[in-house]
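Observations on the model geometry
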Amino acid sequence: MKKQKDKDPISKAERAKKIRGSILYWVILNLGVFILALGVALFKGPNNFATGGVSGVGIILSKFITPLVPFLTQSVIMLSINSILIIIGFIFLGKGCTFKTAYCSILYTIEMWIMERIFEYYNISLPFTDQKLLEFIYAMLLTGIASAIIFNCKASSGGTDIIALIIKKYSKMDIGKALLITDLLIASSAFFVFDTTTGLYSILGLFSKMFLVDGVIESIGKSKFVTIITTKAELITPFIIEGLHRGYTTYAAEGGYTGEPKKVILTVCKRSEALKLKIKIHQVDPSAFVILTDTNEILGKGFRTSIE
C-alpha cells in the first residue's frame, strides 16, 4: 500500500503535465491557423498574391467566379476545394491525411469566411494601402510564420500538401519537389490571370515563404547544449534536476594548466532554461567554465522521441 501511495502523486503530476501540454499544443495550433487566415484575408487575397496552395487557387478562381456568383467568395471557394481534397486524401492516403490536417484546413477557411463578413459589415476596404511591396511583406511574414507554427505542431493547412503526398505515393518524386511543382504552377498562372507585377510577386512570395518557414521552424526548435566545467558539480546538478527538470551527464576531468580535478556536466535545455542555469552557475561557482552551443534538432526524452 505504501508503494502505491508513493506512486499516486507522481502519476497525478504526470497526468496534469500532459493535460497542460495538450492544452498549450492546441492553443498554439489554433493561433497558427488564425494568423494564417489573417494574413490571407488582409494582405494575400486582396493583392492577388497567388503564391501557391489552395489560397492561390482560391484567389485565381474568385477572379472569375465571384463577379458572377457573389456568395462564392474566396473563402467559400477555398472551403469547397479543401473539403474535396480532404475526402480525396482519406481515400488515397488513409492515415496519411490526418485529423489535424483536416481540422486546420477547415478551420482556416471558416475563419477567413468570418473575417470577410466582418470586413463587409464594417465597410473595411482592402487592400489597406497602395504600397504593394509593403502589403507583400506583411502577407509573407504572417503566412510564413503561421505555416511554421502549424508545421512545428506536426500538422499542415492541407490543400496542395495532400496533392503532393498523393503524387509521392504513386510516383518516385520527392514530396518537396512535388509540392514545389504544384505551387509553382499555381503561382505562374497569376501572370495570365492578373498582370506581370502580380505574377512576379507571386513567384517571389512562393520562394521567400519557403525560406521564411524553414528559418522560423529552426528558430522555434532551437535549444542549448551546455557544457559546464566546475569544481562544484554537487551544487549545480540538483538545480538541473529539480529546477529545470532536465537530465545531465557528468564525467571526471583535470585542469590542463592547474592539474586540479574537475567535473564536466553535459546537459541540453531550452533557451529560457539556459538563462536560468547560467544565473545559478554564476551564483554557486563564478569561476566555472561554461560553453553554450545552439542545437537545432535533439532526439530524446523531453524533446523529440522519434525520427520524423
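For the structure, check the block above.
Residues numbered from 1 in each chain as written. Predicted model: local features only at pLDDT ≥ 70, side-chain atom pairs only at ≥ 80, totals over all residues. Heavy atoms only, no water.

**Brief notes about the side chain of Lys224**
Stated formally: Secondary structure elements are taken from DSSP: a helix is a run of H or I of four residues or more, a strand is a run of E of two residues or more, and numbering for both begins at the N terminus. Between N or O atoms, a polar contact is any pair within 3.5 Å; within protein, one atom must be a potential hydrogen donor and the other a potential acceptor, and residues adjacent in sequence are included only when both atoms are from side chains.
Here Lys224 shows up in strand β1 (residues 223–230). Polar contacts involving the side chain of Lys224 include one to the side chain of Asp294, which spans 2.6 Å.

**Focus on the packing of aromatic side chains**
Selection criterion: Centre distance within 6.5 Å is the pairing criterion for rings of Phe, Tyr and Trp, where only the six-membered ring of Trp is used; planes under 30 degrees apart are then read as stacked, over 60 as edge-to-face, and the remainder as tilted. Categorising residues by exposure relies on relative accessible area from a 1.4 Å probe, with only protein chains included: less than 20% of the type maximum marks a residue as buried, more than 50% marks it as exposed, and the intermediate range marks it as partly exposed.
Applying the stated criterion across every chain yields a total of nine aromatic pairs. For the ring pair Trp26 and Tyr103, a centre distance of 5.4 Å and an interplane angle of 85° mean the geometry is edge-to-face. Taken together, the residues span a long stretch of sequence, with Trp26 in helix α1 (residues 2–44) and Tyr103 in helix α4 (residues 99–121) at a distance of 77 residues. Look at Phe49 and Tyr201: their rings are 5.6 Å apart centre to centre, the planes differ by 55°, and that puts the pair in the tilted class. Placement of Phe49 in the loop between α1 and α2 (53–65) and of Tyr201 in helix α9 (residues 196–220) is noted, with a sequence separation of 152 residues between them. Residue Tyr201 is classed as buried on the basis of its relative accessible area of 16%. Feature note: the residues Tyr25, Trp26, Phe99 and Tyr103 constitute an aromatic cluster, connected by ring pairs.

**Observations regarding the nonpolar core**
How we decide: For our purposes a nonpolar core is just a set of buried Ala, Val, Leu, Ile, Met, Phe, Trp, Tyr and Cys residues, chained together by side-chain atoms within 4.5 Å. Note on contacts: a residue pair qualifies if any of its non-hydrogen atoms lie within 4.5 Å across the two residues.
Core analysis: the biggest nonpolar cluster contains 35 residues, and Leu29, Val33, Cys104, Tyr108, Met112, Ile150 and Ile162 have the highest contact counts within it. Sorting elements by how many residues they give to this core places α1 first, with nine residues. What Met112 contacts, discounting residues up to four positions off in sequence, is Ala37, Val40, Ala41, Gln74, Ser75 and Met78. Formed by 13 residues, the second largest nonpolar core is a distinct cluster that contains Ala233, Ile265, Cys269 and Ile281.

**Quick notes on a nonpolar patch on the surface**
Put simply, the test is: Exposure above 30% relative accessible area and the absence of a salt bridge qualify a residue for a patch, where like charges join within 9 Å and nonpolar side chains (Val, Leu, Ile, Met, Phe, Trp, Tyr) within 5 Å. Accessible areas in this description were obtained via Shrake-Rupley with a 1.4 Å probe; residue shielding takes into account the shown protein chains only. One speaks of a salt bridge when a side-chain nitrogen belonging to Lys or Arg is within 4 Å of a carboxyl oxygen belonging to Asp or Glu.
Taken together, the side chains of Ile110, Trp113, Ile114, Ile118, Tyr121, Tyr122, Ile124 and Phe128 define a hydrophobic patch exposed on the protein surface, amounting to about 850 Å² of accessible area. Within the secondary structure, Ile110 is located in helix α4.

**What about the layout of surface pockets?**
We count it as follows: The distinction between a cavity and a pocket rests on a 1 Å grid over the protein atoms alone: a 1.4 Å probe fits inside a cavity but cannot get out, while a pocket stays open yet meets protein on both sides within 12 Å along at least five of seven lines, and a residue with an atom within 4 Å of a point counts as lining. Grid points are joined across faces, edges and corners, and a volume is the space filled by probe spheres set on the points. Note that Gly is not counted as nonpolar here; it falls among the polar residues with everything else outside the nonpolar set of Ala, Val, Leu, Ile, Met, Phe, Trp, Tyr, Cys and Pro and the charged set of Asp, Glu, Lys and Arg.
Taken as a whole, the second largest pocket spans an internal volume of roughly 360 Å³. Forming the walls of the second largest pocket are 16 residues, and the residues nearest its centre are Ala41, Pro46, Gln74, Glu116 and Leu126. When residues of the lining of the second largest pocket are traced back to their parent elements, those giving at least two are α1 and α4. The dominant element in the lining of the second largest pocket, judged by the number of residues it contributes, is α4, at five residues. In the lining of the second largest pocket, the residues fall into seven nonpolar, six polar and three charged.

**A few points about the sheet that holds β1**
Hydrogen bonds between backbone atoms are what pair the strands of a sheet, whose relative direction is either parallel or antiparallel. What counts here: Two strands pair if DSSP finds at least two bridges between them. Inter-axis angles, ranging from 0 to 180 degrees, are taken between N-to-C directions of lines fitted to C-alpha atoms, where helices are fitted over the stretch in contact.
Overall, antiparallel pairing links the four strands, which are arranged β2-β3-β1-β4 in an open sheet. Both outer strands of the open sheet, β2 (249–254) and β4 (289–295), are each paired with one neighbouring strand and no more. Strand-to-strand twist across the sheet, computed as the mean angle between neighbouring axes with direction ignored, equals 20°. Its contacts with the sheet put helix α10 (residues 233–243) on β1, β2 and β3 (261–270), and the angle it makes with β3 is roughly 15°.

**Some thoughts on the packing of helix α3 (residues 74–93) against helix α6 (residues 160–169)**
To keep things clear, this is the line we draw: Small angles under 35 degrees read as roughly parallel and large ones over 145 as roughly antiparallel, with 65 to 115 read as roughly perpendicular and the rest as oblique. Put simply, a crossing is left-handed when the front helix is turned counterclockwise from the back one by less than a right angle, and right-handed when it is turned clockwise.
Contact geometry for α3 and α6: axes closest at 10 Å, N-to-C directions at 25°. The orientation of α3 relative to α6 falls into the category roughly parallel. The interaxial crossing formed by α3 with α6 has left-handed handedness. Along its contact with α3, which presents Leu85, Ile86, Ile88, Gly89, Phe92 and Leu93, the element α6 presents Ile162, Ile163, Leu165, Ile166 and Lys169. Its residues placed into classes, the contact of α3 with α6 shows nine nonpolar, one polar and one charged.

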